[in-house]
Amino acid sequence: MLTKPTSSDMIEGVMTALAKDVLPELTSERAQVVVIMAQGVLQAVRQRIEVEQQAMAAEHNDMTALFREMAAALGETPGAEADRMRARARELGGQDDMPQVPSFATINGSYRELSQGLVDSMPDLDALIRAGNPGAEKALAKAREYMGKRVAGDFATNVAGVGMAGRG
Amino acid sequence: MREQLQEFLARQWPDADEIVVEEFAVIAGGYSRETFRFDAHVTRGGARTILPMILRKDPPPAVGILHTSRETEHNLLQNVRKHTTIPVSESHFAEMDPGTFGQPAMLVERVRGSGEVSALFNGGRNEHLAERVATELCEYLAQLHMADPKLLNPRGEIDDPRGVGIDASSWDRYMDSTFEYYIDGYSKSDFDALPLVMDAYLTIRRLKPRPLPLRVVHGDFNPANFLYDEEGHVTALIDWENSRMGDPREDLGWMMQMDVLSNTNIFGSVKVDGGFLGHYNKITGFGVTEDELNYFRLFGTANIAVPVLSALKRRVEKEHEELLHLYIIQPSMVSLMAFAQLMGYPIPTGGA
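Residues numbered from 1 in each chain as written. Chains lettered and ligands numbered in written order. Predicted model: local features only at pLDDT ≥ 70, side-chain atom pairs only at ≥ 80, totals over all residues.

Enquirer: Explain the overall build of chain B here, please?
Expert: Each helix and strand counted, chain B has 13 helices and nine strands in total. Over its C-alpha atoms chain B spans a radius of gyration of 21 Å, differing by no more than 12% from the 20 Å that the globule rule assigns to 352 residues. If you line up chain B on its principal axes, its C-alpha atoms span 70 × 50 × 45 Å. The 352 residues of chain B split such that 47% are buried. Pairs at least 24 apart in sequence give 65% of the contacts found in chain B among residues at least 6 apart. (Helix = DSSP H or I, 4+ residues; strand = E, 2+ residues; numbered from the N terminus. Rg over C-alpha atoms; globule rule 2.2 N^0.38 Å. Buried ≥ 20, exposed ≤ 12 C-beta atoms within 10 Å, placed from the backbone. Contact = placed C-beta atoms within 7 Å.)

Enquirer: Is there a simple way to explain the overall build of chain A in this structure?
Expert: Counting secondary structure elements, chain A contains six helices and zero strands. Taken from the N to the C terminus, the helices and strands of chain A come in the order α-α-α-α-α-α. A compact globule built from 168 residues would reach a C-alpha radius of gyration of about 15 Å, whereas chain A, at 26 Å, exceeds it by more than 25%. In terms of overall dimensions, chain A has a C-alpha envelope of 80 × 60 × 25 Å along the principal axes. Looking at chain A residue by residue over its 168 residues, the buried ones come to 10%.

Enquirer: Even after reading the chapter, I still don't get the interface of chain A and chain B, so can you show me in this structure?
Expert: Interfaces are often sized by the accessible area lost when the parts come together. Chain A puts 37 residues into the contact, and the matching count from chain B is 35 residues. When residues in the side of chain A that touches chain B are grouped by element, the largest group, eleven residues, is from helix 6 (residues 134–158) of chain A.

Enquirer: What's the story with the nonpolar core in this structure? I'm lost.
Expert: Residue and element names in this part refer to chain B. Ranked by internal contacts, the top residues of the largest apolar core, which has 90 residues, are L137, L196, Y201 and A302. Residue contributions to this core peak at 13 residues, all from helix 11 (residues 290–316). With residues up to four places along the chain from it excluded, the contact list for A302 reads Y182, A200, Y201 and I204. The next biggest cluster of nonpolar side chains, apart from the first, holds 17 residues, and it includes I19, F36, A94 and A105. (Core = buried A, V, L, I, M, F, W, Y, C linked by C-beta atoms within 7 Å.)

Enquirer: Sorry, what's going on with the domain arrangement of chain A here?
Expert: All names here are of chain A. Domain annotation of chain A identifies domain 1 (1–50), domain 2 (52–101) and domain 3 (102–158). If you look at the interface, domain 1 gives four residues, while domain 3 gives six residues. Split by residue class, the side of domain 1 that touches domain 3 holds two nonpolar, one polar and one charged. (Domains from an automatic or database assignment. Nonpolar A, V, L, I, M, F, W, Y, C, P; charged D, E, K, R; others polar.)

Enquirer: Would you take a moment to explain the confidence of the model for chain B for this structure?
Expert: Reading predicted coordinates in detail is not appropriate for stretches of low pLDDT. Confidence along chain B averages 93 in pLDDT terms, with 98% of residues attaining 70 or more. Here the complex is predicted with pTM 0.90, and the ipTM for its interfaces comes to 0.88. (pLDDT = per-residue confidence, 0-100.)

Enquirer: For this particular structure, what's the right way to read the environment of Q100 of chain A?
Expert: Residues and elements named next belong to chain A. Counting through the fold element by element, Q100 comes out in the loop between helix 4 (80–91) and helix 5 (104–130). Looking at Q100, the number of C-beta atoms within 10 Å reads 10, which means it is exposed. With 43 residues separating them along the chain, Q100 and A57 place their C-alpha atoms 6.4 Å apart. With sequence-adjacent residues up to four places away left out, Q100 is seen in contact with A57 and A58.

Enquirer: Hey, could you run me through the pairing of strand 5 (residues 105–109) of chain B in this one?
Expert: Consecutive residues of a regular strand have side chains that alternate between opposite faces of the sheet. Residues and elements named next belong to chain B. For strand 5, a buried count of four out of five residues is recorded, marking the element as mostly surrounded by other parts of the structure. Two strands pair when backbone bridges link them, and strand 3 (residues 47–57) and strand 5 are joined in this way by five bridges, in the antiparallel orientation. Residue pairing across strands places K57 opposite A105, the latter belonging to strand 5. Of the strand pairs in this sheet, strand 4 (residues 91–95) and strand 5 are connected by four bridges, and their pairing is antiparallel. Its bridge partner being in strand 5, E95 is matched across the sheet by A105. (Pairing = 2+ DSSP bridges.)

Enquirer: Would you take a moment to explain the sheet that holds strand 2 (residues 34–44) of chain B for this structure?
Expert: Where strands meet in a sheet, backbone hydrogen bonds hold them as pairs that are either parallel or antiparallel. All names here are of chain B. If you trace the five strands from one edge of the open sheet to the other, you get 1-2-3-5-4, paired in antiparallel fashion. Only two strands of the sheet have a single partner each, and these edge strands are strand 1 (18–27) and strand 4. Neighbour-to-neighbour, the strand axes of this sheet turn through a mean angle of 20°, independent of strand direction. Strands strand 1, strand 2, strand 3 and strand 4 of the sheet are contacted by helix 1 (residues 2–12), whose axis makes an angle of about 135° with strand 1. Strand contacts of helix 2 (residues 70–83): strand 3, strand 4 and strand 5, with the helix running at about 160° to strand 4, the strand carrying the most contacts. (Axes fitted to C-alpha atoms, helices over the stretch in contact; angles between N-to-C directions.)

Enquirer: Would you mind showing me how to read the domain arrangement of chain B here?
Expert: All names here are of chain B. Taken as a whole, chain B is organised into domain 1 (2–109) and domain 2 (120–342). Domain 1 puts 23 residues into the contact, and the matching count from domain 2 is 28 residues. A per-class count over the side of domain 1 that touches domain 2 returns eleven nonpolar, eleven polar and one charged.

Enquirer: Teacher, can you tell me more about the environment of V159 of chain A here?
Expert: Along the chain, V159 of chain A turns up in the segment after helix 6. Among all residues touching V159 of chain A, those that are not within four sequence positions of it are Q330, M333 and V334 of chain B.

Enquirer: Even after reading the chapter, I still don't get the packing of helix 8 (residues 249–261) of chain B against helix 11 of chain B, so can you show me in this structure?
Expert: A pair of packed helices is captured by two measures, namely the crossing angle of their axes and the spacing between those axes. All names here are of chain B. With their axes 7 Å apart at the nearest point, helix 8 and helix 11 run at an angle of 85° to one another. In terms of their interaxial angle, helix 8 and helix 11 are classed as roughly perpendicular. The segment helix 8 lies against helix 11, with R249, E250, L252, G253, W254, M256 and Q257 engaging E292, L293, F296, R297, F299, G300 and T301. (Parallel < 35°, antiparallel > 145°, perpendicular 65-115°, else oblique.)

Enquirer: It is not clear to me how helix 3 (residues 52–74) of chain A should be interpreted in this structure. Could you clarify?
Expert: Residues separated by three or four positions in an α-helix point in the same direction, a consequence of the helix having 3.6 residues per turn. With 23 residues, helix 3 of chain A extends 32 Å from end C-alpha to end C-alpha; this agrees with the ideal 33 Å at 1.5 Å per step. A positive backbone phi angle near 60° is found at G75 of chain A, which sits one or two residues after helix 3 of chain A. (Expected span 1.5 Å × (residues − 1).)

Enquirer: Please clarify how helix 11 of chain B should be interpreted in this entry.
Expert: All names here are of chain B. Its 27 residues give helix 11 an end-to-end C-alpha distance of 38 Å, which sits within 8% of 39 Å, the value for a rise of 1.5 Å per residue. Of all bends in helix 11, the biggest is about 30°, found at A305, and the proline P307 comes one to four residues later. Positioned one or two residues after helix 11, K318 has a phi angle of 60°, which is positive. (Bend = angle between axes of the 7 residues up to and from the residue.)

Enquirer: Help me understand unusual backbone geometry, please; the structure alone is not making it clear to me.
Expert: Note on backbone geometry: most residues besides glycine have negative phi, and most peptide bonds are trans. Of note, the amide linkage connecting K4 of chain A to P5 of chain A takes the cis form, showing an omega dihedral of -10°. Relative to the helices and strands, P5 of chain A is located in the segment before helix 1 (7–22). One non-glycine residue, N122 of chain B, lies in the positive phi region at around 55°. Relative to the helices and strands, N122 of chain B is located in the loop between strand 5 and helix 4 (130–146).

Have a look at this one:
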């Protein structure tokens, strides 16, 4: 995966282009309003993407606890409504807690540190291979096995469609 | 811009009674220059001639991808026209004063011909012309590589046109200084940590092939950089901005690479002498092998990767706000996949 530019950086780039290159060229008032709305939607996505998974995991655990606490507050209250509340406490409140998802910055920073370590390993392996070390050839093959998977994943997640706009 | 053009042409052609710029329009596409088309209506002694022209203008430095000189390109085009039969646009002027058009620029002839290369292949309407076009391309490339570099590059302007420390005094020095440019250039182009790119640069250095004479190479010989006519003749090789002294196999490797990535079939369309490589080898006597071709696919990809990834890094670090550079992350990913395939990485099925 790429740690830079982040998805948020990419969306910000689109918003800037809309403001700088598209909006001034639009003569239709309706189109201008649509672009301004699009910028609002994109800004909302930016705010959401870097906290979405963390917030969902944390709130999942808050909600399971909530179901248990609500049922406990009702105690032994009789009736169908109270029975349904206790049933939800058992079924939904009984779900296992989600593991806490580290913050986007933590995951991104740690991934980047490891990737940089791989970059730094390449000249070392190169020097060892040139010195005739057979272990270094094996180590490079291991690295390439991982990087082959990684480049395939990067291709699948970063390339949209075929062809390039503006090229014949 | 139209008025600036008219004023500029009037200064260049003081003998003209009147110069009018008509049909001025932006040409979309082309990632490294801003390009405009127009017709210059030039009246001299009551006679009017219409000159179809193109203005190629550098983008601002931070936005630019390939930092080479329009004056150098202008001089090379003139020398190619003078000393070979390779069809290239007549370069009328290079204007290096940024005060005239905002950035250095060049004005070249707009050559007739189609750039619709996709029509030549995969059942396209010009498929019957593919063999002739591809064969001519092969022969023009061979002619370029057989031309005396002293004639095409008399002042050494394209020994190191990017100004990055390339030493073209011998093949060995050229290759070694280019390896250094790639490896040192990594730190200028690592918009993210890219271990595969570093592996590619080091692999290219480890696998240095046998020498060939250094020649003028086009530098971006690919299926998008030529025009052809309705009879299947190549009417122009275009976009010489990345030309340099180099190993002739660079042009072959890059064409093969882009042929694959563009889903065209220039290489497979030459039938004489066993195909493109056989025909090229027969003319040049260079005896280029398939293995060498694959090496120079990797080498050529690196040569483009360094400036493209550097431009991307400048965008990521917010030196400018152009969307284009974020968009080219996608072809960069395609290039990284190509790097991996050329180096024999095990790629999981379905990854590309």
